[in-house]
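# Structural features, examined
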Amino acid sequence: MLQFLDRKLSTSSSNSQPLPEFTGSGGGIGVFKPPIRGPVHPNRPVGLEIRPHPLRETQVGRFLRNVVCVSDGDGSQLWAGSECGLRVWDLKNDIYGGIVEGEEDGTVRFRESAQVAAAALCVVGDGGNRLVWSGHKDGRIMCWKMLDFSNGRGNGDSGNEFQELLSWQAHRGPVLSMVVSSYGDLWCGSEGGAIKIWPWEAIEKSLALTTGERHMASLSVERSYIDLRTQNSIYSNIFTSDVKYMLSDHSVAKMWTAGYQSFALWDARTRELLKVFNIDGQIENLSLDALAEDEMRMKYVSSNSKEKTQNSFNFFQRSRNVILGAADAVRRAAVKGAFGDDSRRVEALVATSDGMIWIGCSNGSLLQWDGNGTRLQDIQHHSFAVQSLCTVGARIWVGYTSGTVQVLDLNGDLLGQWVAHNSPVIDLAVGAGYVFTLANHGGIRGWSITSPGPLDNMFRAELAGKEFLYTRLENLKILAGTWNVGQERAAPDSFISWLGSAAADVDIIVVGLQEVEMGAGFLAVSAAKETMGLEGSSAGQWWLDMIAKTLDEGSTFSSVGSRQLAGLLISVWVRNNIQAHVGDVDVAAVPCGFGRAIGNKGAVGLRMRVYGRVMCFVNCHFAAHLEAVNRRNADFDHVYRTMIFSRPSNNLNVVAAGVSSAVQMLRTNTMGINTVEGTPEISEADMVVFLGDFNYRLDGISYDEARDFVSQRCFDWLREKDQLRAEMEAGHVFQGMREAVIKFPPTYKFERNQPGLAGYDSGEKKRVPAWCDRILYRDSRSTSASTCSLDCPVAASVLQYEACMDVTDSDHKPVRCILNVEVARVDETVRRQEFGEIIKSNDKIKRLLKELTKVPEAFVSTNNIILQNQDTSILRISNKSKKDRALYEIVCEGLSTIEDGQATDHRPRGSFGFPMWLEVSPAAGIIEADQIAEISIRADEYQTLEEFVDGVPQNFWCEDSRDKEVVLLVKVQGRCTVDPKFHRIRVRYSITGKLTPMIRKDDSTPTPVQSNMLHRSDFHQLSGSCDFVDHLINLDSP
């Protein structure tokens, strides 16, 4: 707060007085209205900034591609896979307080693994065994131990260091998808339909080896895979697309694997192929190759927009794929004139608590399927491509390429939506009471699982009231210079006079040049290069080199970017001491000459983020001649409404591996400025500076009159004749923009190398002097009295506005303007701490949060089950609530064999998976208010212990005939529950027929139990998590 007030006082007492300004009419409405800003966004819930939007330039080779929340019972951890390794955040201890200094200022404290060889394309968590699996672009799978944050917070603590347990080559191509099945097996997919399974038994065996045997462990697990392509000839013949997505349907123990427009459905226990179908729900004829053709077509259409690595297809297969795709593209183009069906690519899958499967498509539609692969309905709430899906309680969260997040109920009805990021939402994860959204730029935000809901307005009001605590003000000086150089090359002294003499006290320098090079031949070549994505010329490079030399590039200033369109050139330079706060540089070009196609007239722009605020600089050259006022107005309007920014061609980073095809194909600005459809990108900037040769002239005055007024320095009268001022006053052009009052002579037209005012054009045409070269701006202020704050984050004023009349290299004089700019930014660390304090201390919010996240009262019918000879028992869960649904999930907490009548050392399988001999159906579902759910618990004859080596089954007849016991964990939660309630059930499977009583500590005289008989405790009320821990401590396994 003191810093905020001190900065306000120092600003108000500054010696540099701003110049008087003229403001154009028509601002503040429509597309000329500054974007709405504030301490909290008025149209969305309050988001928790885990990782504020990082500058793109700092993320090259380090972009985050996926996130997953993993909980081991001690607290949730947020893991993220990047292009160079993995990161992990401690959500239990650091979510409101942990900070990172330096490069990622404002980010919650994280730990980062050592650099890995290839990008992590998918990450899967296994809280039961405290493991995290990552699949990589080079085809490797890596197994990591979850970090232990319970003992100390120092970086040197061994529990806080990444521990790689296993690493092996899974595929020759990239690991595109990965999931742990309901039975604990690790499934992963790659290119060309490749699916491999690593049984939990093989993984467990390798993990049990000592550190010294680690190399043997990796080799052992690498060779223990099951190859579904070789095991299932039908699948290998019809499914040849990349396996981009995998999903475990825990409710009915099935596995979904998906390509672009087709699916395969598998039995998770037997690993049998159940069904192959396309996106329309049509079951494929296994004797036809139609599905393969469809998938190859999709690969062909997408090949120009995605990064591919070499795969295992041979030459003839690849040739066939291309031919099929090309032939089909020609056929469809002839019939339909477009690739309409290709917009229905699969982009995301999720299984909901009611047993349904939802699929998001690149055309924005959402498809609902049942667990058997029957398509039920499709809905659409947004026109942009779906990028990510997740489910929490009875809600579905959807992330789109537009940055929008939607929340739906289980029927698909829209509950709420908001813009979560200004970039595509490429992944979602649930943990610690939040849904975390990962944006394509690498930022991560957390949203309360209760949103949208009554808490949102309360959080907004509370946090807005603390604005002064987390507001920080920064001061910048920007030097903007424009010069029509008339195809000449300037002397070094001209650069010093124009830029060098004014650069000492500024932080950012923007240079706009016009007519760097002209001529019909050059313009034609330039237009041809633009169509190929090329730009620049030797003349343009000369100017850049001279500017760099003038500004002492490297030691004082650094170039952040440039863009050339024919004779137009813009470049921006920043002082080295603020370079860490400047980035996300995008450029644009809009031709306005010869049918809006040639760059002899037009504009080039550069946009960048400075202290988190978007600044846009546009260098223009509009139509010439006195009478062409309307054409100049139209040129501005065309530039303002159509300028679209993208990455500089000399800084075009390859799209990060693992990004959805929809993100790559989306025509999006890479800063991610998400404009409402039809809203110009320029209008979304917090500050816009237009500079250039606008070519507006003086009306109603002769050459001699103008010369006389100039010589007498009667600029007030001349300004009344200025076309630009008149058009701005009428609201026809540069609506709402500001310009300092001109107090320098007209800058056009001069004889070259003629000093002083005597140099005005004295030739045959005697062109009337005019202020053609101008610099205008628009900041965040709605009125001139507005001050810098989070509601008005950029407030500027003009300190200098002058022409360099001593420069004679061109028929135009260079013009420069120094802007004093105040920038208000959010201290995300303080804001996050204040948000946490609100949650902890506001009693009203705590009461409402408790009410929204409560768990309905529920009972189970037994504590103990004994099975024998393929028995089936029924477990009943009763929802005693009269109005709320209860959501349940059953997992296997641990498995043990019976030795001498005792079951000891219950060990979980992967992700709390069931043993192969046990079927629990449905293992997840919804219980309506005052209803009972019946769950079948069945023992199956599955006693063969198969081992696989290089995909081939070994010791096929080895049978495990020992009695077994599992501990089932029933988790019950409400629609928005943070902490579910638990109940523990022991299931004993007697193969030998020797039934052993299940003894508890309070049983004084154990009695025999007959087969299929439920050992009941009547209805046992579910306990909370604390009671559950105490129950585990006191429970004695027999």
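Here, every reference points to the structure presented above.
Residues numbered from 1 in each chain as written. Predicted model: local features only at pLDDT ≥ 70, side-chain atom pairs only at ≥ 80, totals over all residues. Heavy atoms only, no water.

### Re the overall build of the protein chain
- Helix and strand content of the protein chain: 21 helices and 54 strands.
- A total of 1038 residues make up the protein chain; the buried ones form 58% of that total.
- Taken as a whole, the protein chain presents about 40,800 Å² of accessible surface, with 49% of it coming from carbon and sulfur. (Helix = DSSP H or I, 4+ residues; strand = E, 2+ residues; numbered from the N terminus. Buried < 20%, exposed > 50% of the residue type's maximum accessible area, 1.4 Å probe, protein only. Areas by Shrake-Rupley, 256 points an atom, 1.4 Å probe, with all protein chains shown as cover.)

### Considering helix α12 (residues 538–550)
- For α12, with 13 residues, the first-to-last C-alpha span of 18 Å sits near the 18 Å given by 1.5 Å per residue.
- Ala-539, Gly-540, Trp-543, Leu-544, Met-546, Ile-547 and Ala-548 are the residues of α12 that are buried.
- Against the buried residues of α12 lie β30 (471–484), α10 (492–498), β31 (508–514), β32 (557–565) and β33 (568–575).
- Two residues or fewer after α12 comes Asp-552, characterised by a positive phi angle close to 55 degrees. (Expected span 1.5 Å × (residues − 1). Contact = heavy atoms within 4.5 Å.)

### So, the sheet that holds strand β9 (residues 140–145)
- Spatially, four strands are ordered β7-β8-β9-β10 in an open sheet, and the strand pairing comes out antiparallel. The open sheet is flanked by β7 (120–126) and β10 (163–169), the only strands paired with a single partner. Recorded for the sheet is a direction-independent mean angle of 20 degrees between the axes of neighbouring strands.
- Relative to β10, β9 runs antiparallel, the two being bridged by six bridges. Among the inter-strand pairings, Ile-141 is bridged to a residue of β10, identified as Trp-168. (Pairing = 2+ DSSP bridges. Axes fitted to C-alpha atoms, helices over the stretch in contact; angles between N-to-C directions.)

### Side note on the environment of Glu-822
- Take Glu-822: it is sitting in strand β41 (residues 815–826).
- Taking relative accessible area as the criterion, Glu-822 reaches 8% and is therefore assigned buried.
- Considered as a pair, Glu-822 and Lys-477 are 345 residues apart in the sequence and their alpha carbons are 8.8 Å apart.
- Engagement of the side chain of Glu-822 in a polar contact is seen with the side chain of Asn-475, the distance being 2.9 Å. (Polar contact = N/O pair within 3.5 Å; in protein donor to acceptor, adjacent residues only side chain to side chain.)

### What to know about the state of the cysteines
- Counted by the stated rule, this structure contains zero disulfides.
- No disulfide involves Cys-122; its sulfur sits 7.8 Å from that of Cys-188, the nearest cysteine. (Disulfide = S-S within 2.5 Å.)

### Observations concerning the sheet that holds strand β29 (residues 444–448)
- The sheet built from four strands is open, its strands ordered β2-β29-β28-β27 with antiparallel pairing. Looking at which strands have only one partner, the edges of the open sheet turn out to be β2 (48–51) and β27 (425–431). The sheet shows a mean angle of 25 degrees between the axes of neighbouring strands, direction not considered.
- Bridge analysis of β2 against β29 gives three bridges, and the strand direction is antiparallel. Bridge pairing in β29 places Glu-49 opposite Arg-445.
- Sheet contacts for helix α19 (residues 828–841): β2 and β28 (434–439); angle to β2, the most-contacted strand, approximately 135 degrees.

### Brief notes about the packing of helix α8 (residues 455–464) against α19
- Running from amino to carboxyl end, α8 crosses α19 at an angle of 125 degrees, the nearest separation of the two axes being 10 Å. Judged by the inter-axis angle, α8 sits oblique to α19. Our pair here, α8 against α19, has a crossing hand that is right-handed. Each of Phe-459, Glu-462 and Leu-463 in α8 lies in contact with α19, whose residues at this interface are Arg-831, Glu-834, Phe-835, Ile-838 and Ile-839.
- By residue class, the composition of the contact of α8 with α19 is five nonpolar, no polar and three charged. (Parallel < 35°, antiparallel > 145°, perpendicular 65-115°, else oblique. Left-handed = near helix turned anticlockwise from the far one by under 90°. Nonpolar A, V, L, I, M, F, W, Y, C, P; charged D, E, K, R; others polar.)

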